[in-house]
Amino acid sequence: MFRPTRPQSSIFEVENYFPGALPEKDWCFTYQTKILPLIDEEKFRHFYSECEGRPNVSIRTMVSLLIFMGIEKLNWRGVEFQFPRRIDWLIATTTPLGEAFLDHTTLFKFYQRLENDDTARTLFTEITDAFVCACETSLKKQRTDSFFIHGWLRLLSRYGLFKETIRKFLQTLRKQKPGLYNTIKEQLSQEYLEKDFDLTEKDRELAQRKISLMAHDLQRLKSAFENHHQVKQYETFKLLCDVFSQQCEVRDTVDAQPEISIKEKPDSPTICSPHNPAVRYVRKGKQRITGDKGVVTETCAPENKTQFIVDAELVEATEHDSKQPSKIQDRLIANDFKPETQYGDAGFVNGQTILDSRENGIELAGPTAGRSQSFDAYEDTDRPFDAGDFATTIDENTKQLRITTCPHNQVPTKQKRSTKTGKIIAHFDRDICIDCPYAHRCPVKIGWRVATFTVSKAEYVGAVRHHQYIGNSEYRKECAIRAGAEATVSELTRAHGMRKSRHRKTSRTRLQLIFAALACNVKRFIRHG
């Protein structure tokens, strides 16, 4: 049953029993007076019944403990242990002495209720907005960065994936259909439910032979139960079928037994672990990650006394950064955090994301992706030309991009926009292009009749940004402010535990990121607000 926190103070509060136990400037008093009232309990009412069940524990207290959990990198039992023993926590949450008992399962169940709901994100937005207003923080300039969040799953080889997938299915089958399990286990190449279970094989040749045998076991299990009206509904069986189809290939032969071969490269998206099929494996340099990726945006105007994180989101580890700017900006606009300029690294910035950002009224600043950032290569007198070396104008009538001259000042004989691709097709005089001293550097393709240059607006915008970034030192200095986002990422991963997820589900890891970002903002507000 929903019950808001009682507004009356208690005679058993710490300040009444132990006046002066902590200095007046301690963080807990700032939290109690300025942050605790920002937690709107009415937004959590829909999680509880109006008239049935036991009254809920104070929502302000539980939300505060989740924030403290993010600040100090505690687990569920750690919070349960610390709560009745920390005077600063009792003062911050206005909890009377003798009432600071909260079982860790109660807190975790409250956390579970939040995982598939937008209430936590709404809370983050409202509290952050209050911090921004209180500190008079400018939102005009913001910077964005991403980082990997390691999952709890072990990196499995193909050997380990096959063995663990079969084991999980056989565990379910033995529990639900013991008779079928006793029948099928005699047909398998090994005992998968043995106590001494190893997901690795040191001998490489032996591992390859066992992988082949396990592939046949996968096929045998799939054929045995794919038409069974109950077994085929098991999630572990569906997973087994998916792993087999992604990793193996069946070829019909004249013999009764089909030939099963292992695919050199499995089909995408590839299941990395049977314990969480949604998780993806990715490599970046020497990093090998099975987990997710966090994307954070914070204010960065130099005149701000305090910078705050205004957006935090979790995406798949395999999703490229270039897909994020438009999503981030949509959330910022919806939350009234819209910036004038957003800074990102080359992963976020390309011609298309610059154009999309301008449609949202935001200038996306930074170096463009897919281009060398070498100053020596740019200043080389024999470097290849790109779209940024062509002179252009905007047609006043159509508002479309038009090429006026090439790098050798030749005017196009004709140009049009392709109805299929939307690209600009400019034709130049073939004879002039053949004799041009820059022909070996020019992207114009010389044909039998005409010389043609094809470029899209996004390609042109990306090339112009590259020229601006490499050729303009003042612009580079302006974009250097983005590097401060690396410090925020370091703070989240090192001080607030976001380098590694505490959860198996992606929805809970997203919630962990939101509370870590909120904890970071709370800490900054208390220190500098």
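What you see is a predicted model, and the numbers here were worked out from it, not measured in a lab. (Residues numbered from 1 in each chain as written. Predicted model: local features only at pLDDT ≥ 70, side-chain atom pairs only at ≥ 80, totals over all residues. Heavy atoms only, no water.)

Draft legend 1. Focus on the overall build of the protein chain. Each helix and strand in the protein chain was counted, giving 19 helices and 14 strands. Judged by the C-alpha coordinates and their principal axes, the protein chain covers about 90 × 80 × 45 Å. The proportion of buried residues among the 529 residues of the protein chain is 46%. By sequence separation, contacts in the protein chain at least 24 residues apart represent 67% of the contacts at least 6 residues apart. As presented, the protein chain carries roughly 27800 Å² of accessible surface, and 48% of it is formed by carbon and sulfur atoms. For the protein chain, the centre of its 80 positive side-chain charges and the centre of its 71 negative side-chain charges are spaced 3 Å apart. (Helix = DSSP H or I, 4+ residues; strand = E, 2+ residues; numbered from the N terminus. Buried < 20%, exposed > 50% of the residue type's maximum accessible area, 1.4 Å probe, protein only. Contact = heavy atoms within 4.5 Å. Areas by Shrake-Rupley, 256 points an atom, 1.4 Å probe, with all protein chains shown as cover. Lys, Arg positive; Asp, Glu negative; His and termini not counted. Charge placed at Lys NZ, Arg CZ, Asp CG, Glu CD.)

Draft legend 2. Region of interest: a negative patch on the surface. Taken together, the side chains of Asp376, Glu379, Asp380 and Asp382 make up a negatively charged region of the molecular surface. Along the chain, Asp380 turns up in the loop between helix 14 (375–379) and strand 9 (391–394). Judged by relative accessible area, Asp380 falls into the partly exposed class, the value being 39%. (Patch = residues over 30% accessible without salt bridge, like charges linked within 9 Å, V, L, I, M, F, W, Y side chains within 5 Å. Salt bridge = Lys/Arg side-chain N within 4 Å of Asp/Glu carboxyl O.)

Draft legend 3. Seen up close, a nonpolar patch on the surface. Taken together, the side chains of Ile11, Phe12, Tyr17, Phe18 and Leu97 make up a nonpolar region of the molecular surface, amounting to roughly 510 Å² of accessible area. Residue placement: Phe18 occurs in the loop between helix 1 (14–17) and helix 2 (27–35).

Draft legend 4. The sheet that holds strand 14 (residues 450–455), seen in detail. Strand order in the open sheet formed by 4 strands is 11-12-14-13, and the pairing between neighbours is antiparallel. Each end of this open sheet is capped by a strand with a single partner; those strands are strand 11 (414–417) and strand 13 (445–446). Relative to strand 12 (residues 424–429), strand 11 is paired through 4 bridges, and the arrangement is antiparallel. By the bridge assignment, Gln415 is partnered in strand 12 with Ala426. (Pairing = 2+ DSSP bridges.)

Draft legend 5. Structural view of the packing of helix 6 (residues 104–115) against helix 19 (residues 506–528). Relative orientation of the contacting elements helix 6 and helix 19 amounts to 100 degrees, with a least axis distance of 9 Å. One way to sum up the angle between helix 6 and helix 19 is to call them roughly perpendicular. On helix 19, the residues touching Phe108, Tyr111, Gln112, Leu114 and Glu115 of helix 6 are Ser507, Arg508, Leu511, Gln512 and Phe515. In terms of residue class, the contact of helix 6 with helix 19 is built from 5 nonpolar, 3 polar and 2 charged. (Axes fitted to C-alpha atoms, helices over the stretch in contact; angles between N-to-C directions. Parallel < 35°, antiparallel > 145°, perpendicular 65-115°, else oblique. Nonpolar A, V, L, I, M, F, W, Y, C, P; charged D, E, K, R; others polar.)

Draft legend 6. A look at helix 11 (residues 235–247). Compared with the 18 Å implied by 1.5 Å per residue over 13 residues, the 18 Å span of helix 11 between its first and last C-alpha is a close match. When helix 11 is considered as a whole, its buried residues turn out to be Thr236, Phe237, Leu239, Leu240, Cys241, Val243, Phe244, Gln246 and Gln247. Tucked into the core, helix 11 has its buried residues touching helix 8 (158–176), helix 10 (204–225), strand 2 (248–251) and strand 3 (259–262). (Expected span 1.5 Å × (residues − 1).)

Draft legend 7. View of the nonpolar core. Among the nonpolar cores identified, the biggest contains 75 residues, and Tyr31, Val63, Leu66, Ile67, Phe110 and Phe515 are the most heavily contacted of them. With 11 residues, helix 19 is the single largest residue contributor to this core. If we skip the residues at most four places from it in the chain, Val63 touches Ile39, Phe44, Phe110, Leu123 and Phe515. Counting 30 residues, the second-largest nonpolar core is a separate cluster that includes Ala207, Val231, Phe244 and Cys248. (Core = buried A, V, L, I, M, F, W, Y, C linked by side-chain atoms within 4.5 Å.)

Draft legend 8. Layout of the packing of helix 3 (residues 59–72) against helix 6. Contact pair helix 3 / helix 6: the axes reach a minimum separation of 11 Å and the direction vectors enclose 85 degrees. Comparing their axes, helix 6 and helix 3 come out roughly perpendicular. Residues Ile59, Met62, Val63, Leu65 and Leu66 of helix 3 form the contact with helix 6, whose own contacting residues are Thr106, Leu107, Phe110, Tyr111 and Leu114. The class makeup of the residues in the contact of helix 3 with helix 6 is 9 nonpolar, 1 polar and no charged.

Draft legend 9. Summary view of the pattern of salt bridges. One pass over the full model with this rule turns up 30 salt bridges. Asp267 is paired through a salt bridge with Lys263; the nearest N and O atoms lie 2.6 Å apart. Taken together, the shared-partner salt bridges connect Arg121, Asp311, Glu313, Arg331 and Arg510 into one network.

Draft legend 10. The arrangement of the packing of aromatic side chains in detail. Throughout the structure, instances matching the rule amount to 18 aromatic pairs. Summarising the aromatic geometry, the rings of Tyr111 and Phe515 are spaced 6.5 Å apart at their centres and angled 35 degrees between planes, so their arrangement reads as tilted. With Tyr111 in helix 6 and Phe515 in helix 19, the pair connects residues that are 404 residues apart, well separated along the chain. Look at Tyr111 and you get buried, because its relative accessible area is 1%. Accessibility expressed as a relative area gives 5% for Phe515, which makes it buried. Summarising the aromatic geometry, the rings of Tyr469 and Tyr475 are spaced 6.4 Å apart at their centres and angled 90 degrees between planes, so their arrangement reads as edge-to-face. A connected cluster of aromatic rings, assembled from ring pairs, spans Trp27, Tyr31, Phe68 and Trp89. Sitting above the plane of the Phe81 ring, Arg85 keeps its charged end 3.9 Å from the centroid. (Phe/Tyr/Trp six-rings, centres within 6.5 Å; stacked < 30°, edge-to-face > 60°. Lys NZ or Arg CZ within 6 Å of the ring centre and 35° of its normal.)

Draft legend 11. The arrangement of the confidence of the model for the protein chain in detail. Chain-level pLDDT for the protein chain is 90 on average; 98% of the residues reach the 70-or-more range. For the protein chain, strand 4 (residues 280–284) is the element with the lowest average pLDDT, namely 77, and strand 7 (residues 341–343) is the one with the highest, namely 97. (pLDDT = per-residue confidence, 0-100.)

Draft legend 12. Focus on the environment of Lys420. Within the secondary structure layout, Lys420 lies in the loop between strand 11 and strand 12. For the pair Lys420 and Asp252, spaced 168 residues apart in sequence, the C-alpha separation works out to 43 Å.

Draft legend 13. Summary view of the layout of surface pockets. Here the largest pocket defines a volume of roughly 850 Å³. Around the largest pocket sit 28 residues that line it, and Leu156, Ser157, Arg158, Tyr281 and Arg288 are the ones nearest its centre. If you list the elements that add at least two residues to the lining of the largest pocket, you get helix 8, helix 10, strand 4 and strand 5 (287–299). Its residues assigned to classes, the lining of the largest pocket comprises 12 nonpolar, 9 polar and 7 charged. Space inside the second largest pocket adds up to approximately 640 Å³. Taken together, 27 residues make up the lining of the second largest pocket; nearest its centre are Thr5, Arg6, Ser58, Thr61 and Glu99. In the lining of the second largest pocket, the residues fall into 10 nonpolar, 11 polar and 6 charged. (1 Å grid on protein atoms, 1.4 Å probe; cavity = no way out; pocket = protein on both sides within 12 Å on 5 of 7 lines; lining within 4 Å. Points joined across faces, edges and corners; volume = space filled by probe spheres on them.)

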